[in-house]
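# Reading the structure
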Amino acid sequence: HRLLLENAEQLVLVCGRREPYLRRDGAASLGVLRAASLVVGMDGCIKAVGQADVIRSQFSEATFERIIDCSGKCVLPGLVDAHTHPVWAGDRVHEFAMKLAGASYMEIHQAGGGIHFTVEHTRKATEEELFTSLQHRLERMLRAGSTLVECKSGYGLNLETELKMLRVIEHAKKSMDIGISSTYCGAHAVPKGKTATEATDDIINNHLPKLKELKLSGEIHVNNIDVFCEKGVFDLESTRRILQAGKDIGLQINFHGDELHPMKSAELGAELGARAISHLEEITDEGIVAMARAKCAAVLLPTTAYMLRLKQPQARKMLEEGVIVALGSDFNPNAYCFSMPMVMHLACVNMKMSMNEALAAATINAAYALGKSDTHGSLEVGKQGDLLIINSSRWEHLIYQFGGHEALINYVIVKGKVIYENERCETMSSY
């Protein structure tokens, strides 16, 4: 066998009965085992989870590549970041000052900043430059506990640059340990010199057929399709056309909606069978009910609402109505955050989620939002052995310590392989 984790103070299963997601009622009780052990096989999948003494006798004859004593520590599922934009060149630190001085997101966007600024720099960057920076960013996400990350294109807005970004993501998928779900987000903004209708036609007639062709030839495997459905960007009708065309070539619908203005994006997503919708600061009550019925995940991004000083998404109302709530960092030049532990903390403080709900939202529900909760998001036999070991006797420290993950996360493990080991944890207590 590949890995044995012995005698953890707490082993947080998240769910234990192959639930594809947890709604509010389910998230109340995360399965937590005490004095527990876990075994990962050579295939990278979990073979056994249970009381330490039971596992010890069950595997007394087995050999392991690696054994880690987790006494006094906690084992949790690897975190899942359900929404990031990690491929781009040229940061927007100068815009942060503008925002602090009171400029709105759309004011900066209309003045040629925001997405347009990043597009200009990303178009000029070489594939190698983009890959190097993506690699560094994903490594930082990994050290903060993310083992599966959704990665979007969207700073090309023309076919050539969008494909360049998707190739960079594909390269990372093949060469890095971190799990990646890739998203084509060519409708992230209307390119300069085009109307929204012209941009929509270009995506449907040129971009998507090319993606289909590259998928068939095995060069690029895209998982999701995304559109920024927003006033002054893509309206409801353009969004519908693009998402439907993406769905027709086998992509999961996972898009930006109801962020700055109520657009009825949630109702549209529910109707089209979307797997997930992100942002939703301005969702209507009808939209909440429609998403709950359609089992469409709400990917909430507390970092964005915090940095742009928007009203917070209504996490409590969504949870009470039975929506599947997931979390994402929204890492991008506008919201520069790699850390899902910080996202969970903000979700609890600003969106009034409980710690149990936030952990479920950053594991099983975020995996569900990416269509991967059958293999990721909880510690169950048969699932992929992606996990964290934290240097603390209670799992809640991962959320309670705001920005504390650098000394708290002791090991990050993907498919039973230790891919990050934090020396600092050996010399310091996490308290």
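Residues numbered from 1 in each chain as written. Predicted model: local features only at pLDDT ≥ 70, side-chain atom pairs only at ≥ 80, totals over all residues. Heavy atoms only, no water.

## A few points about the UniProt feature "domain: Amidohydrolase-related" (unreviewed entry) in the chain
Within the UniProt annotation, "domain: Amidohydrolase-related" (unreviewed entry) is assigned to residues 75-418. Strand forms 16% of residues 75-418 and helix 45%; the C-alpha atoms that close the span are 13 Å apart. (UniProt positions renumbered as here; feature names shortened; annotations may be inferred. Helix = DSSP H or I, 4+ residues; strand = E, 2+ residues; numbered from the N terminus.)

## Things to note about the sheet that holds strand β10 (residues 252-257)
Taken in spatial order, the eight strands line up as β6-β7-β8-β9-β10-β11-β12-β13 in an open sheet, and their pairing is parallel. This sheet does not close on itself; its edge strands, each paired only once, are β6 (79-81) and β13 (325-327). Pairs of neighbouring strands in the sheet enclose a mean axial angle of 25 degrees, with direction left out of account. In this sheet, strand β8 (residues 179-187) lies alongside strand β7 (residues 146-152) in parallel orientation, the contact comprising five bridges. Residue pairing in the sheet places Glu150 in a bridge with Ser181 of β8. Seen against the sheet, helix α6 (residues 127-143) touches β7 and β8 and runs at an angle of roughly 145 degrees to β7. (Pairing = 2+ DSSP bridges. Axes fitted to C-alpha atoms, helices over the stretch in contact; angles between N-to-C directions. Contact = heavy atoms within 4.5 Å.)

## Some words on helix α10 (residues 265-272)
Where burial is concerned, most of α10 is hidden: seven out of the eight residues are buried. Those residues of α10 that sit buried are Ser265, Ala266, Glu267, Leu268, Gly269, Ala270 and Leu272. Buried positions along α10 lie against α9 (236-248), β10, β11 (276-279) and α11 (285-294). Gly273 sits one or two residues past α10 and shows a positive phi near 75 degrees. (Buried < 20%, exposed > 50% of the residue type's maximum accessible area, 1.4 Å probe, protein only.)

## So, the layout of surface pockets
Approximately 370 Å³ is the volume found for the largest pocket. Forming the walls of the largest pocket are 18 residues, and the residues nearest its centre are Arg140, Phe338, Ser339, Met342 and His405. Looking at the lining of the largest pocket, the elements with two or more residues in it are α6, α12 (302-307), α14 (340-350) and α18 (405-408). The residue makeup of the lining of the largest pocket, split by class, is eleven nonpolar, three polar and four charged. Both domains that meet at the lining of the largest pocket, namely domain 1 (3-78 + 377-421) and domain 2 (79-370), each give it at least three residues. (1 Å grid on protein atoms, 1.4 Å probe; cavity = no way out; pocket = protein on both sides within 12 Å on 5 of 7 lines; lining within 4 Å. Points joined across faces, edges and corners; volume = space filled by probe spheres on them. Nonpolar A, V, L, I, M, F, W, Y, C, P; charged D, E, K, R; others polar. Domains from an automatic or database assignment.)

## Topic: empty space enclosed by the protein
According to the stated counting rule, one finds five cavities of 30 Å³ or more in the structure shown. By volume, the largest cavity amounts to about 120 Å³. Around the largest cavity sit 14 residues that line it, and Tyr105, His188, Asp330, Asn332 and Asn334 are the ones nearest its centre. Class assignment of the residues belonging to the lining of the largest cavity gives a composition of four nonpolar, seven polar and three charged. Lining the second largest cavity, in full, are Pro77, Gly78, Val80, Thr147, His376, Gly377, Ser378, Leu379, Gln384 and Asp386. A breakdown of the residues in the lining of the second largest cavity according to their chemical character gives three nonpolar, six polar and one charged.

## Overview of the packing of aromatic side chains
Following the criterion strictly, the structure yields eight aromatic pairs and no others. An angle of 70 degrees between the planes, with centres 5.0 Å apart, marks the rings of Tyr21 and Tyr368 as edge-to-face. Pair noted here: Tyr21 is in the loop between β1 (3-12) and α1 (24-27) and Tyr368 is in helix α16 (residues 364-369), with a separation of 347 residues, a long-range link. Like Tyr368, Tyr21 is buried. Taken together, a centroid distance of 6.3 Å and an interplanar angle of 50 degrees make the contact between Phe59 and Phe64 tilted. Judged by relative accessible area, Phe59 falls into the buried class, the value being 13%. For Phe64, a relative accessible area of 18% gives the class buried. (Phe/Tyr/Trp six-rings, centres within 6.5 Å; stacked < 30°, edge-to-face > 60°.)

## So, the packing of helix α7 (residues 159-175) against helix α8 (residues 196-216)
The relative placement of two packed helices is expressed as an angle between their axes plus a distance between the axes. Close contact between α7 and α8 brings their axes to 11 Å; oriented N to C, the two are set at 35 degrees. The crossing of α7 and α8 is right-handed. When α7 is examined against α8, the residues Leu159, Glu162, Leu163 and Leu166 are found in contact with a partner set consisting of Asn206, His207, Lys210, Leu211 and Leu214. Residues belonging to the contact of α7 with α8 are distributed by class as follows: five nonpolar, two polar and two charged. (Left-handed = near helix turned anticlockwise from the far one by under 90°.)

## Focus: the nonpolar core
In terms of nonpolar packing, the biggest core is built from 106 residues, with Leu138 and Leu327 touching the most fellow members. Two domains each put at least three residues into this core: domain 1 (3-78 + 377-421) and domain 2 (79-370). Counting residues in each nonpolar core, the second largest holds 17 residues, with Leu3, Leu11, Val75 and Ile389 among its members. (Core = buried A, V, L, I, M, F, W, Y, C linked by side-chain atoms within 4.5 Å.)

## So, the domain arrangement of the chain
Split into domains, the chain comes out as domain 1 (3-78 + 377-421) and domain 2 (79-370). Computed over C-alpha atoms, the centres of domain 1 and domain 2 are 29 Å apart. Listed per partner, the contact involves 36 residues of domain 1 and 33 residues of domain 2. Counting each side, the surface lost to burial between domain 1 and domain 2 is near 2900 Å², with a carbon and sulfur contribution of 70%. Taken together, the connections running from domain 1 to domain 2 amount to one salt bridge. Notably, a salt bridge pairs Lys417 with Asp177, separated by 3.4 Å at the nearest N-O pair. Mapped by element, the contributors of at least two residues to the side of domain 1 that touches domain 2 are α1, β5 (74-77), α17 (397-400), β15 (409-414) and β16 (417-421). Of the residues forming the side of domain 1 that touches domain 2, the biggest block, four residues, is contributed by β15. Looking at the side of domain 1 that touches domain 2 residue by residue, the classes come out as 23 nonpolar, six polar and seven charged. (Buried area = accessible area lost by both parts, 1.4 Å probe. Salt bridge = Lys/Arg side-chain N within 4 Å of Asp/Glu carboxyl O.)

## Thoughts on the pattern of salt bridges
Side chains bearing opposite charge may pair, as long as their charged atoms lie close to each other. Counted by the stated rule, this structure contains 21 salt bridges. Linking Glu19 and Arg17 is a salt bridge whose minimum nitrogen-to-oxygen distance equals 3.2 Å. Owing to a relative accessible area of 69%, Arg17 belongs among the exposed residues under this scheme. Two residues, Glu271 and Arg240, come together in a salt bridge whose shortest N-O distance is 2.8 Å. Here the residue Glu271 occupies a position in helix α10, and Arg240 occupies one in helix α9, the gap between them amounting to 31 residues. Of the residues examined, Glu271 reaches a relative accessible area of 54% and is grouped as exposed. It is possible to trace a salt-bridge network through shared partners that takes in Glu150, Lys152 and Asp226.

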